[in-house]
Every structure is written in C-alpha cells, then in structure tokens.
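Report on the structure
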Amino acid sequence: MSAPTLFDALAPQPADTLLSLIALHRDDPRPHKLDLGVGVYRDDSGATPVMRAVKAAEARLLETQGSKSYLGPEGDIRYAELLQPIVFGRAVPADTFVGVQTPGGTGALRLAAELINAARKNAKGPGAKVWLGTPTWPNHAPIMTAAGLTVATYRYYDQATQTVLFDEMMAALQGAAAGDVVLLHGCCHNPVGADLNHSQWRAVAEVVAQRGLIPLIDLAYQGLGDGLEEDAAGARLVLDAAPDALLAYSCDKNFGLYRERVGALYAKGGTPARTELMRSNILLLARVNWSMPPDHGGALVRVILDDAALTADWRTELDGMRTRINRVRQALAAGDPWLAPLGHHRGMFSLLPLSPDQVATLRREHAVYMVGSGRANLAGLTLDTVPQFIDALRAVR
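The present account deals with the structure reproduced in this document.

**With respect to the environment of Leu-24**
- Mapped onto the secondary structure, Leu-24 falls in helix α1 (residues 17-27).
- Once the C-alpha coordinates of Leu-24 and Arg-363 are considered, the two residues, 339 residues apart in sequence, prove to be 9.3 Å apart.
- Those residues in contact with Leu-24 that lie beyond four places of it in its chain are Arg-363 and Tyr-369.

**Notes on the sheet that holds strand β8 (residues 214-219)**
- One open sheet accounts for seven strands, arranged β2-β10-β9-β8-β7-β3-β4; its pairing is mixed. Lying at the two open borders of the sheet, with one neighbouring strand each, are β2 (97-103) and β4 (150-155). Each strand of the sheet is rotated relative to its neighbour by a mean of 20 degrees, with strand direction disregarded.
- Bridge count between β8 and strand β9 (residues 245-250): four bridges; the pairing is parallel. By the bridge assignment for β9, Asp-218 is matched with Ala-248.
- Packing of helix α6 (residues 166-174) onto the sheet brings it into contact with β3 (129-134), β4 and β7 (181-185), and relative to β4 it is tilted by some 145 degrees.

**Considering the pairing of β8**
- Counting buried positions along β8 yields five of six residues, so the element is predominantly enclosed.
- Inspection of the sheet shows β7 paired to β8 by five bridges, in the parallel sense. Residue pairing in the sheet places Leu-183 in a bridge with Leu-216 of β8.
- You can see the chain leave β7, run along helix α7 (residues 198-211) and come back into β8, and the turn it takes is right-handed.
- Where the polypeptide runs from β8 across helix α8 (residues 228-241) and back to β9, its parallel neighbour, the crossover connection is right-handed.

**A word on the pattern of salt bridges**
- With the rule as written, the count across this model stands at 24 salt bridges.
- A salt bridge links Arg-302 to Asp-76; its shortest N-O distance comes to 2.6 Å. On the criterion of sequence distance, the pair formed by Arg-302 in helix α10 (residues 296-305) and Asp-76 in the loop between α2 (52-64) and α3 (77-88) is long-range, its members being 226 residues apart.
- Accessibility expressed as a relative area gives 22% for Arg-302, which makes it partly exposed.
- Among the ionic contacts, a cluster of salt bridges with common partners joins Asp-336, Asp-391, Arg-394 and Arg-397.

**What about the nonpolar core?**
- Counting residues in each nonpolar core, the largest one holds 78 residues, and the members touching the most others are Leu-83, Val-204 and Trp-314.
- Examining the composition of this core, we find that seven residues originate from one element, α3, more than from any other.
- Discounting residues that sit within four places of it in the chain, Trp-314 has contacts with Met-51, Ala-53, Ile-86, Leu-228, Asn-254, Phe-255, Ile-304 and Leu-305.
- Of all hydrophobic cores here, the second largest spans 28 residues; its members include Ile-116, Met-144, Ala-248 and Ala-286.

**Details of the packing of α6 against α7**
- Remark: α6 packs on α7, axes separated minimally by 10 Å, with the N-to-C direction vectors making an angle of 10 degrees. Taken together, the axis directions place α6 and α7 in an arrangement best described as roughly parallel. As α6 packs across α7, the resulting crossing turns out to be right-handed. Contact residues: Phe-166, Met-169, Met-170, Leu-173 and Gln-174 in α6; Gln-200, Ala-203, Val-204, Val-207 and Arg-211 in α7.
- Of the residues that constitute the contact of α6 with α7, the class distribution is seven nonpolar, two polar and one charged.

Calculation rules
Residues numbered from 1 in each chain as written. Predicted model: local features only at pLDDT ≥ 70, side-chain atom pairs only at ≥ 80, totals over all residues. Heavy atoms only, no water. Helix = DSSP H or I, 4+ residues; strand = E, 2+ residues; numbered from the N terminus. Contact = heavy atoms within 4.5 Å. Pairing = 2+ DSSP bridges. Axes fitted to C-alpha atoms, helices over the stretch in contact; angles between N-to-C directions. Buried < 20%, exposed > 50% of the residue type's maximum accessible area, 1.4 Å probe, protein only. Right-handed = clockwise from strand over helix to strand, strands pointing away. Salt bridge = Lys/Arg side-chain N within 4 Å of Asp/Glu carboxyl O. Core = buried A, V, L, I, M, F, W, Y, C linked by side-chain atoms within 4.5 Å. Parallel < 35°, antiparallel > 145°, perpendicular 65-115°, else oblique. Left-handed = near helix turned anticlockwise from the far one by under 90°. Nonpolar A, V, L, I, M, F, W, Y, C, P; charged D, E, K, R; others polar.

Below is the structure:
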C-alpha cells in the first residue's frame, strides 16, 4: 500500500457516455445496427472519408514542406488570413480584427473564455457572465466555468415541440447587462439542428448593439447547412453590429479534419488600440496554454485555400456532403409527420423528443445507437436506412 498523496483528494468522475456508446455499437453483432451517436460526418457507405482536396494537399506538403520547426503562438498566419473571406465574406482590416490558429474550435472557445476572464479581472469587476441558450453543446458550459466565468442560461429550444423559443431568448438578452457575453451557434445548431432565421438574427444583432453585449459566436459547421455564404450570414450581421466580438471557428467538420484539431479564434476590437490589446493578450494566453498550435491540419487548409483548383474541389465535395445530409432530412420529414420539423432544421444533428428510456429501448431492441438526450447524428443514416429508423421510432413512441 502506498502512502496517501495529493491525488487521493481527486473526486471520481463519470465515464464519458459517448465513448461508452462507441464501444457498445462496436461490440453489437447485429448487421442492421445504426450509429447515430458519434458527431462525425458519414457518407453513404458509413465511412468518414478523407476529402479529395485534403489528400491532394497532404501529397503536396509531403513533397514541399521543408521544415518542422516551431510556429509562433499565433500559428500559421496565412491559414488564418485565407479563412477570412470564407468566414466574414471579405478580408478584414488588421487594425480591427486579429486571427490566430487554435487546436480545434474547442481551443478557440477556451482561448476566448480566458481572454474574457483576463479582461474582467483587470477591470476589477464582478465575474464575467456568459449567456447560453439551452440545450447547447455539452462542453460549452464546462469550458466557460473552467476559465473562471459565470454561466447564465435561457431556454433556446423546446424539445417536445421541436421549436426555437425566440421570445424567451430575446427576453434574456434584453435583461443582460452591458459587457455580458452571449454565446451564439453560428449555424447547424448542436445538438438541436434548429437555427435562427434571417430576421431573428437581425433582431439579435440589434439587441447586442443596444445592450452593449459581447457576442461569442461558435461557427463549427459552416457549409453543412445551406452553404458557406448562407451559413455565415447571421454571424456576419452580429459581428457588424457589435464593436467588440469574438468568433471561434472549426475546420474539423467542413474539411473533415476531426483528428487534426484545426480551429481559429478571431477577435474584433472597436478601436485599433483595443484590437492590439486583444491581440497581445490572446498571444500570451495561447503561449501558456499550448505554446504553439499543431501545424499539420492548418497547413492542409492553407494549401487548399491557396490553390484555386483545390478550393473548388473542396467546395464541390462539401456541397455533396451538405446535399446528402439535407436529403436524409427531407426523407425523414416526408416519412412521418412527427418528424416534419427535421426538414426545416440544418446540420448533422437533431434533438428528438425521446426519453432516455426510449433511447435505451431503441438500442436494445432495434440496434439504433444515439445519445440518451435524444440527439441523433442524422449523417449516420442513408436514404436506404431512413425507413428502418422511422419504423424503430414508431415502435417506441
């Protein structure tokens, strides 16, 4: 027996339910099993492919990359610059925006949270408050609280009726204090799939400007909803309205670079002096968190976006991915009136009005694997398996 140590004081933590679900699906021998749990894109064969443009970029890097030396804490500067027209619709002025590469969208969110906390500490004010609509991505609140921020919530979505609770959202934002942060899903809401429409985005932009709120936009699925331009339209309205803003970006999904962890944080300052303050603090926080971001995934995106032919091929394949997901959505909506809202939602995910017991029955009796909350990754379906899924749902309702 070893002597007691510091680590004996750690509290046991529950096992990750999604990892457990992966193992259960893997070990299920039934040939008709459906995996709607893991949040990755799948093609008609059930694979998560490496995109053609990514393969071509990897071959080019293999031949041309001359060094594996360190990047700076800002990462690949050209990578962040090339993403700007895709994210913002234009190249943005350097004295207004700063962009840095991060380890995935998660790293961008954590960096944003730490920047907010550092600013509030220096202001010697109360702990910074971040407003989250619920339900939201399960990692949003833990990231914010781990960085020392206070989380406030409002209801964004009613699971039973499959509708956005926009009036409740607006009431919460109108009651928020100047300087509070509001975290917004840019498109393809995870987990519910229900996004704001254009007029609702415009109303959010107006209240953000009127109340002096700071938007933190999580844009993780651009191009998988209605198109690259359409999926960024709402975020651009809010960014244009707010003097100061933050945007966390992920290339993991729209470039299929999940395991490479490729993201970026963009910060907008109301004045050049404020932008420079944000830049210097972001670089310091990045340095103490991961020192330098990993290069490979960002370099692949840079190579693709720096080459017109590769960019065109990436866009074509992304269009095909989006079209496949939306066809599945339309088939589900047409297959049962209960699923009609799914035809208006976007992205890979929808939050179905199912209880944990119903989800467990789906897994046990119908080999349908999904998260206990009712979140389903619809990219795990094909047009051929949609009827099977609808029949399974009817059996448990």
